[in-house]
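# What the coordinates show
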Amino acid sequence: MANFLFLCVLSIVCTITVASELSPLQDFRVADLTSSNAKQAQDKHFFFSGLHLAGTPMNAFGSSVTPVSVGQTPGLNTLGISLARIDFTLEEGTILVGFMTSNPDNKLISKVLHKGDVFVFPVGLVHFQKNVGSVNAVSISAFSGQNPGLVLVPNTVFRSDPSIANDILAKAFQTDKAVIYQIQGKF
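One structure accompanies this document, and this report is about it. Remember, predicted model here, so these are calculated numbers, not experimental data.

Here the structure, examined in full by the defined rule, presents one salt bridge. Here R85 ties to D87 by a salt bridge, and the two come within 2.9 Å at their closest N and O atoms. The exposure classification of R85 matches that of D87, with both residues buried.

Tracing the sequence through the fold places T66 in strand β1 (residues 63–68). On the basis of relative accessible area, T66 is assigned to the buried category, the value being 17%. As a C-alpha pair, T66 and I86 span 20 residues in sequence and 6.4 Å in three-dimensional space. Contact partners of T66, with chain neighbours within four places excluded, come to F48, G50, L51, L83, A84 and R85.

Glancing now at the nonpolar core. One finds I86, F88, I95, V97, L113 and A137 forming the largest nonpolar core, which totals six residues. Counting residues per element, the ones that place at least two in this core are β2 (82–88) and β3 (95–100). For V97, the contacting residues outside a window of four places in its chain are I109, S110, K111, L113, F119, F121, F128 and Q129. Within the second largest apolar cluster, five residues are counted, among which are F158, L169, A170 and I180.

It is worth spelling out the packing of aromatic side chains at this point. This structure, assessed with the given rule, holds four aromatic pairs. Centroid distance F99 to F119: 6.1 Å. Interplanar angle 50°. Geometry classified as tilted. With F99 in strand β3 and F119 in the loop between β4 (108–113) and β5 (127–131), this residue pair connects regions lying 20 residues apart in the sequence. An aromatic cluster is built from F99, F119 and F121, whose rings are joined through pairwise contacts.

On to the sheet that holds strand β6 (residues 137–143). With antiparallel pairing, three strands are arranged side by side in an open sheet as β1-β2-β6. The sheet terminates laterally at β1 and β6, the two strands that pair on one side only. Neighbour-to-neighbour, the strand axes of the sheet open up by a mean angle of 20°, direction not taken into account. In terms of strand pairing, β1 meets β2 through six bridges, oriented antiparallel.

Our focus in this paragraph is the pairing of β2. The side chains of a regular strand alternate, first on one face of the sheet and then on the other. With respect to burial, β2 is a largely interior element, six of its seven residues being buried. As paired elements, β2 and β6 share seven bridges and run antiparallel to each other. Considered in β6, the bridge of I86 is made with S139.

Each strand in a sheet pairs with another by means of backbone hydrogen bonds, the pair being arranged parallel or else antiparallel. Read across the sheet, three strands follow the order β4-β3-β5 without closing on themselves; strand pairing throughout is antiparallel. A single partner strand is all that each edge strand has here, and the edge strands are β4 and β5. Direction aside, neighbouring strands of the sheet carry axes that sit 15° apart on average. Here β3 runs beside β4; their pairing, made up of six bridges, is antiparallel. Looking at β4, one finds that M100 is bridged to L108.

Reading guide: rules and limits
- Residues numbered from 1 in each chain as written.
- Predicted model: local features only at pLDDT ≥ 70, side-chain atom pairs only at ≥ 80, totals over all residues.
- Heavy atoms only, no water.
- Salt bridge = Lys/Arg side-chain N within 4 Å of Asp/Glu carboxyl O.
- Buried < 20%, exposed > 50% of the residue type's maximum accessible area, 1.4 Å probe, protein only.
- Helix = DSSP H or I, 4+ residues; strand = E, 2+ residues; numbered from the N terminus.
- Contact = heavy atoms within 4.5 Å.
- Core = buried A, V, L, I, M, F, W, Y, C linked by side-chain atoms within 4.5 Å.
- Phe/Tyr/Trp six-rings, centres within 6.5 Å; stacked < 30°, edge-to-face > 60°.
- Pairing = 2+ DSSP bridges.
- Axes fitted to C-alpha atoms, helices over the stretch in contact; angles between N-to-C directions.

See the structure below:
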């Protein structure tokens, strides 16, 4: 009888484990008691207009991002997808893209893209885009999450709150604190 009970409990635990979501759609969820249910859904919850409009590059990286995620289109909630239009200011038409593989290799994989080209960035790897053409460039990005977020490595490292101690940053970047102070001044 004890073995039978153990097997029943084990099968329930295994079933629960198999049925779980392998990759969460959100980092966390704060309950919104005012949110509408499916009976109150409207076409506006599943629609976005604006990817045809050029963004005004305003950030220090020379680009502007127009996101289409759950924040702009609530109907994307739980679908696990989102999009973004990225406008680059310095030039257009030709973009250098790339990503770095994980430690210990840290290999750079890069390619110059032209109109109509597609390049895939593996999830979670540091990547970049740079306009290397002579006119403005526009790209459309698709994400495998409804609200993918954005982690800008320099901002994360040099503008965290509370800040990372300068001696830790100096050691990590193998430089002195004066260089760290100078870099932090840009953020």
